[in-house]
Amino acid sequence: GRVFRKWIRKRDEGKPCISCPSYNVSDAGHYYSAGHYPALEFDEDNVHSQCRHCNSFLSGNLIEYRKGLLERIGGDRVELLDTKAGYYKRNGYKHDRTNLIQIIEKYKIRKYGKV
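Residues numbered from 1 in each chain as written. Predicted model: local features only at pLDDT ≥ 70, side-chain atom pairs only at ≥ 80, totals over all residues. Heavy atoms only, no water.

(A) Summary view of the pairing of strand S2 (residues 47-51). Buried residues dominate S2, accounting for five of its five residues. Here strand S1 (residues 25-30) runs beside S2; their pairing, made up of five bridges, is antiparallel. Looking at S2, one finds that Ala28 is bridged to Ser49. (Buried < 20%, exposed > 50% of the residue type's maximum accessible area, 1.4 Å probe, protein only. Helix = DSSP H or I, 4+ residues; strand = E, 2+ residues; numbered from the N terminus. Pairing = 2+ DSSP bridges.)

This is the structure we're talking about:
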């Protein structure tokens, strides 16, 4: 997860918190929580840079997060994210070792601009 979170912070560099105007972003915050939606833990549309206040103290500040999502990725991608969340909530999902290794390698490569 560390490699992915670093990639998210790099991708969102120069942007404010997804949930508020603060530029003091230090977290990679999930719209759909990784604990309840493990299939979306590494979904790029589900994770954005967020300030510690919104992510930790406001439990993600989800109403404002959704507004930020609509601005950043658009309604079609938010709707797709909602659909995926509903599917995985009904059908379940668990990461396996091979999948996690592939995710780590994908974001290590992307970090260096090779993909």
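(B) Just the nonpolar core, in detail. Ranked by size, the top nonpolar core spans 11 residues in total: Ile18, Tyr31, Tyr32, Tyr37, Leu40, Tyr65, Leu69, Ile73, Val78, Leu81 and Ala85. Once you skip the residues sitting within four places of it in the chain, Ile18 turns out to touch His48, Ser49, Gln50, Glu64, Tyr65, Gly68, Leu69 and Arg72. One finds Ile8, Phe42, Ile103 and Tyr107 within the second-largest nonpolar core, a separate group that totals nine residues. (Core = buried A, V, L, I, M, F, W, Y, C linked by side-chain atoms within 4.5 Å. Contact = heavy atoms within 4.5 Å.)

(C) Just helix H1 (residues 2-11), in detail. Listing the buried residues of H1 in full gives Val3, Phe4, Trp7 and Ile8. Down the axis of H1, the buried set is contained in an arc of 140°. They therefore lie on one face. In H1, the exposed residues that point more than 90 degrees away from the buried face are Arg2 and Lys10. (Arc of directions from axis to C-beta.)

(D) Representation of a positive patch on the surface. The grouping of Arg2, Arg5, Lys6 and Arg9 at the surface amounts to a positive patch. Structurally, the position occupied by Arg2 is in helix H1. A relative accessible area of 59% places Arg2 in the exposed class. (Patch = residues over 30% accessible without salt bridge, like charges linked within 9 Å, V, L, I, M, F, W, Y side chains within 5 Å. Areas by Shrake-Rupley, 256 points an atom, 1.4 Å probe, with all protein chains shown as cover. Salt bridge = Lys/Arg side-chain N within 4 Å of Asp/Glu carboxyl O. Lys, Arg positive; Asp, Glu negative; His and termini not counted. Charge placed at Lys NZ, Arg CZ, Asp CG, Glu CD.)

(E) Seen up close, the packing of aromatic side chains. Under the defined criterion, the tally for this structure stands at eight aromatic pairs. Judged by centre distance (5.4 Å) and plane angle (50°), the rings of Tyr31 and Tyr65 are tilted. Of this pair, Tyr31 sits in the loop between S1 and S2 while Tyr65 sits in helix H3 (residues 62-91), and the two are 34 residues apart along the sequence. Overall, the relative accessible area of 0% leaves Tyr65 in the buried class. Measuring from centroid to centroid gives 5.4 Å for Tyr88 and Tyr93, while their planes differ by 70°, and the two rings are edge-to-face. Through successive ring pairs, a cluster of aromatic residues spans Phe4, Trp7, Phe42 and Tyr107. Geometry around Tyr37 places Lys89 over its ring, the cationic atom sitting 5.2 Å from the centre. (Phe/Tyr/Trp six-rings, centres within 6.5 Å; stacked < 30°, edge-to-face > 60°. Lys NZ or Arg CZ within 6 Å of the ring centre and 35° of its normal.)

(F) Structural detail: the environment of Arg9. With respect to the secondary-structure elements, Arg9 resides in helix H1. Residue Arg9 is classed as partly exposed on the basis of its relative accessible area of 31%. Separated by 17 residues in the primary sequence, Arg9 and Ser26 place their C-alpha atoms 7.7 Å from one another. When neighbours within four sequence positions are excluded, Arg9 is seen to be in contact with Ser26, Ala28 and Ser49.

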